[in-house]
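# Overview (structure and organization)
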Amino acid sequence: MRGLRIWVGRILLLLAGLREAAASLQSFDEPFVRQWLNKSASLDLSARCTESLARVWPYLNMHDTFELQRNYYHQSFGAGPAWLFLSRDQDRWVYRGYECLLAAGETVYSRSEHPMHFCYGINENEEPGTEAYSICIPSPCEKEHKQLLGLWQEVVDEEQADASKMDFTSCIASRHEKQWFELPIPVADFIFNAMLSLFVCLATVFHMHRGDDVKTMSQKMLLCFSLKKNLKKATCYPKDPQSTITCMFGLRFLTMAWTLIGHSFIFIQAYLGNVDEFKDEMVNSFWRQWITNFTLSVDVFLTLGGTVLSYSWFRKWLKNTTEPEPSWNSWGYWFRFYQHRIIRLWPAYLYTLMAVTLRLSVTHWHPMWPPTDPAIQCPKYWWQNALFINSLTQNRCMPWTWYIGTEFIFYVVSPIFLLSLRKSPKFGLLVCIITILASGILNVVTILQENFPPTQFLWKQPEIFNPNFIQHHVQLYIKPQYRIAPYVIGILLGYYLANYQKGASKQPRSRSFVLGGWAMALLAMFLSMYGLYPSLQGWDWGVYHTLYGATHRVIFSLGLAWVLYACHTGIGGPVNALLSWYPMVPLANLSYSAYLFHMIPVVLTYLLVPFPIMNNSMWYIFAHCAVQLVISYVFAFICSTSVEYPAQNMERLLLYNTPKKSHLKPVQTAESELQLKD
């Protein structure tokens, strides 16, 4: 259990924001830090470390050292309760880490002559008090940081300290020992991507000269990588609009943008100088709940995923076809069912995992925080992502991809709902309702047992709730059993739409039915999104918080289900026209790869602007979001046209190249499965 708590603290260090609370996280002035520096001369340290410590103050007072660096240095020293590492609301530690790294004076083009390490330690005592400490030391002292942390603990607490009893200590360097272009693996990854780009260009030129009329298998395989072929695939609007729920195009893209905005507003906290004002604005503004409650975007993806799977599956079997329908023991069919899904997910997922782990995570001149640094975590835990079980574990490698694992698990169990509905609609409906209710009950039980808030609080955590953000994240928020309800609602919706589409005559719907449906759907979605306000404010409404936590995702999903139903059945009006607009098609088709990559530019753009950032307007953050979204889609275009679509082309070529002859028109399921697979 102690090891788990330590890892919780480590993981939160990156995810934390910046609140400065003088009563709990202490700050120290320059004379106090200098006192610690003077006392360090009495420690039994290496000669190199002692010499480096003696040079700190002269370096900070040199004529070419900025005053800001000197201020950053002493401001990076801190002390406070260890539990602050578990809270989203008390987390100035990360900010102090950046202050230490910047005090070293590193730049992208030159190495500092006085590199620094930001070191921190956690000492979990039985008695509450000062249990966590941070210091900024010269890099030659990194191996002796425990002694220096012990001295800092002694100076702060004015009593003898023993750093060896600290449960965990760690350091982050102000600069990589070697930059990415000096390391063999990142360079090899760069060369691989360059060769892949050249291969795509070769395939495109070949396609333009020879066209589609090729005979040999090697030529057909080459065409799988043709940019001309894959651009058409990415931008092609379905010939039969009824084969696809076209409003999903706009919903996928808008939800992808919503997800990025939410993450961007979270991670800017680690770079803000006036974070208290920012958090107060976010939490106290009623109308900003579309950002503070943006995790509902996951439920949009879940609902869309269940709907598109169910709609395409039932639409196929509701048509007359010579292919035998699958049953519980149709092993060959279900093997192909899962195989197709894996081929759809793996190429882009593994490509992004490799790019982020091997090169992109080491591109910046200084390391990121070890607990969630892909360069550190992914070499150990990448296999959990590759097997789609990261949401069942601690989710340490590319943590934002937990959704992919959770949704894949839903796909694995989806035949239970599909076959039940196909064999007996009443029984299938009963199975779906029981699943939704069981998931809600599990939410209620866990929320009550652990005193969890209704959802993840990403800016402030009211005191009435369990402050352990990471425990909430790994125990409830990402676990499939608590998130399956919207997916099942999507399956039910897809089943209904497929049957509705089958009917030869459609009954007219009254004006009151249409207006009433839209009013109820919008009300449900509004209450789900903006009903978080009492919980954000920490009002002591225990029953409300529990019921909201257990039901708001289901209610939001039901409102979204009406939007999908209305748009697909002809009563969507301008909403359907906007969501089905042709420019939404390529943006939707690239959304999966954009989601995989989007956290990299979210962090990158904040690293590239002067530190600290002062938040004076939301529009400044939205400008960052726009740049981050563009970068995400540029990568998504490269990933999709180089890896994702070629893999799908090869699947069709190698596995489905000899379809059985039939006088019936085949169902184009490929187009109807254009969904965000994360």
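What counts and what doesn't
- Residues numbered from 1 in each chain as written.
- Predicted model: local features only at pLDDT ≥ 70, side-chain atom pairs only at ≥ 80, totals over all residues.
- Heavy atoms only, no water.
- Helix = DSSP H or I, 4+ residues; strand = E, 2+ residues; numbered from the N terminus.
- Buried < 20%, exposed > 50% of the residue type's maximum accessible area, 1.4 Å probe, protein only.
- Contact = heavy atoms within 4.5 Å.
- Areas by Shrake-Rupley, 256 points an atom, 1.4 Å probe, with all protein chains shown as cover.
- Pairing = 2+ DSSP bridges.
- pLDDT = per-residue confidence, 0-100.
- Polar contact = N/O pair within 3.5 Å; in protein donor to acceptor, adjacent residues only side chain to side chain.
- Core = buried A, V, L, I, M, F, W, Y, C linked by side-chain atoms within 4.5 Å.
- Axes fitted to C-alpha atoms, helices over the stretch in contact; angles between N-to-C directions.

Attention now moves to the overall build of the chain. Of regular secondary structure, the chain possesses 28 helices and 4 strands. Scored against the burial criterion, the 678 residues of the chain give a buried share of 60%. Long-range contacts, defined as pairs at least 24 residues apart, comprise 78% of the intrachain contacts of the chain with a sequence gap of at least 6. In the form shown here, the chain has an accessible surface area of approximately 29300 Å², with 64% of it arising from carbon and sulfur atoms.

What follows covers the pairing of strand β3 (residues 132-138). The buried fraction of β3 is high, at 7 of 7 residues. In terms of strand pairing, strand β1 (residues 78-80) meets β3 through 3 bridges, oriented antiparallel. Bridge assignment links G78 to a residue of β3, and that residue is S134. As paired elements, strand β2 (residues 116-122) and β3 share 7 bridges and run antiparallel to each other. What sits directly across from F118, in β3, is C136.

Attention now moves to the confidence of the model for the chain. On average, residues of the chain score 86 in pLDDT, and 89% of them are at 70 or above. Within the model, pLDDT remains below 50 along residues 1-23, and this stretch shows 75 contacts once partners closer than five positions in the same chain are excluded. This model gives residues 659-678 a pLDDT under 50, and the stretch forms 50 contacts once residues within four places in sequence are excluded.

Position of S310 relative to the elements: it lies in helix α13 (residues 296-318). From its side chain, S310 meets the backbone oxygen of I491 in a polar contact 2.7 Å long. Not counting residues up to four positions away in its chain, the partners in contact with S310 are R315, L418, G490, I491, G494 and Y495.

With that out of the way, let us pick up unusual backbone geometry. For residues other than glycine, phi is negative in most cases, and the peptide bonds are mostly trans. A cis amide bond links F611 with the next residue in sequence, P612, at an omega value of -5°. Structurally, the position occupied by P612 is in the loop between α26 (599-608) and α27 (618-655). Within the chain, N395 stands out as a residue other than glycine whose phi angle is a positive 60°. With a phi angle near 45°, M398 is a residue other than glycine that sits in the positive phi range. On the basis of relative accessible area, M398 is assigned to the buried category, the value being 0%.

Moving on, we get to the pairing of strand β4 (residues 168-173). Buried residues dominate β4, accounting for 6 of its 6 residues. Neither face of β4 is exposed, since F168, S170 and I172 on one face and T169, C171 and A173 on the opposite face are all buried. Relative to β4, β2 is paired through 6 bridges, and the arrangement is antiparallel. Its bridge partner being in β4, H117 is matched across the sheet by A173.

On the secondary structure map, S420 appears in helix α16 (residues 402-423). S420 sits in the buried class, given a relative accessible area of 4%. Here the alpha-carbon distance between S420 and V431, two residues 11 residues apart in the chain, equals 7.6 Å. Each residue touching S420, except ones within four places of it in the same chain, is listed here: W328, P415, P425, F427, G428 and V431.

Counting residues in hydrophobic clusters, the biggest one holds 184 residues, and the most contacted among them are W36, Y73, F265 and W459. Beyond its immediate chain neighbours, meaning those up to four positions away, Y73 contacts V33, W36, L37, V56, W57, L60, A103, M116 and C136.

Pairing within the open sheet is antiparallel, and its 4 strands lie in the order β1-β3-β2-β4. Here the strands that pair on one side only, and so sit at the sheet edges, are β1 and β4. Shown here is a sheet whose adjacent strand axes are inclined to one another by a mean of 15°, direction ignored. In the packing of helix α6 (residues 145-157) onto the sheet, the strands contacted are β1, β2, β3 and β4, and the crossing angle to β3 comes to about 125°.

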